[in-house]
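# A look at the structure
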Amino acid sequence: MAVLTPGMDTIARSVAVSAESIRAIVTGGGSGADAALINALPGLEIIASYCVGVDRVDLRCRERGIRVTNTPGVLSPDGRRR
C-alpha cells in the first residue's frame, strides 16, 4: 500500500512509482484531485474528501465509476447536514 504525504519528494513521483496499486485518494479542500492525477491512476476506485465540498475534485471521474465522497455536516454545530 502506498501513502502519499506532503513530506514526500513530489506527488507526481509517488504516483509514477505506485500508480497501478493506488485504489483510493483521501484529500482535503486545498489539494483535491484533478484530471491529470485521476487519469494517472488506472485502478482508482474512490476519492474521499474530508471537507464539506468537492470543488477541487474533477467530478468527471464518476464516468469511470469512481466514487466521490465528502463530509457535508462536518462544520455544523450538531454535525448534521443542512
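Basis of the calculations
- Residues numbered from 1 in each chain as written.
- Predicted model: local features only at pLDDT ≥ 70, side-chain atom pairs only at ≥ 80, totals over all residues.
- Heavy atoms only, no water.
- Pairing = 2+ DSSP bridges.
- Helix = DSSP H or I, 4+ residues; strand = E, 2+ residues; numbered from the N terminus.
- Axes fitted to C-alpha atoms, helices over the stretch in contact; angles between N-to-C directions.
- Core = buried A, V, L, I, M, F, W, Y, C linked by side-chain atoms within 4.5 Å.
- Buried < 20%, exposed > 50% of the residue type's maximum accessible area, 1.4 Å probe, protein only.
- Contact = heavy atoms within 4.5 Å.
- pLDDT = per-residue confidence, 0-100.
- Polar contact = N/O pair within 3.5 Å; in protein donor to acceptor, adjacent residues only side chain to side chain.
- Patch = residues over 30% accessible without salt bridge, like charges linked within 9 Å, V, L, I, M, F, W, Y side chains within 5 Å.
- Areas by Shrake-Rupley, 256 points an atom, 1.4 Å probe, with all protein chains shown as cover.
- Salt bridge = Lys/Arg side-chain N within 4 Å of Asp/Glu carboxyl O.

### Looking at the sheet that holds strand β2 (residues 46-49)
- Pairing is parallel across the open sheet formed by three strands, whose spatial order is β1-β2-β3. A strand with exactly one partner marks an edge of an open sheet, and here the two such strands are β1 (24-27) and β3 (67-69). Taking the axes of each pair of neighbouring strands and ignoring which way they run, one obtains an average angle of 10 degrees across the sheet.
- Pairing analysis gives three bridges linking β2 to β3, with the strands arranged parallel. Bridge pairing in β3 places Ile47 opposite Val68.

### As for the nonpolar core
- Ile25, Ile38, Leu41, Leu44 and Ile47 are the most contacted members of the largest nonpolar core, which totals 14 residues.
- When residues no more than four places from it in sequence are discounted, the contact partners of Ile38 are Ala33, Leu44, Ile47, Asp58, Cys61, Arg64 and Ile66.

### A look at the confidence of the model for the protein
- Per-residue pLDDT for the protein averages 83, and the proportion of residues at 70 or more is 82%.
- Mean pLDDT values for the elements of the protein range from 77 in helix α1 (residues 11-18) up to 96 in β3.

### As for the side chain of Asp58
- Take Asp58: it is sitting in the loop between β2 and β3.
- What Asp58 contacts, discounting residues up to four positions off in sequence, is Ala33, Asp34, Ala35 and Ile38.

### So, the environment of Asn70
- Looking at the secondary structure, you find Asn70 in the segment after β3.
- A relative accessible area of 30% places Asn70 in the partly exposed class.
- Along the backbone, Asn70 and Ala48 are 22 residues apart, and their C-alpha atoms lie at a distance of 5.9 Å.
- Residues in contact with Asn70, not counting those within four places in the same chain, are Ser49, Cys51, Val52, Gly53 and Val54.
- A distance of 2.2 Å separates a polar side-chain atom of Asn70 from the backbone oxygen of Val52.

### Here we look at a nonpolar patch on the surface
- A surface patch of nonpolar side chains, amounting to about 290 Å² of accessible area, comprises Val52, Val74 and Leu75.
- Tracing the backbone shows Val52 in the loop between β2 and β3.
- The class of Val52 is partly exposed, set by a relative accessible area of 34%.

### A word on the environment of Val26
- With respect to the helices, strands and loops of the structure, Val26 is situated in strand β1.
- What makes Val26 exposed here is its relative accessible area of 63%.
- Between the alpha carbons of Val26 and Asn70 there is a distance of 9.8 Å; along the sequence they are 44 residues apart.
- In contact with Val26, not counting residues within four places along its chain, are Ala48 and Tyr50.

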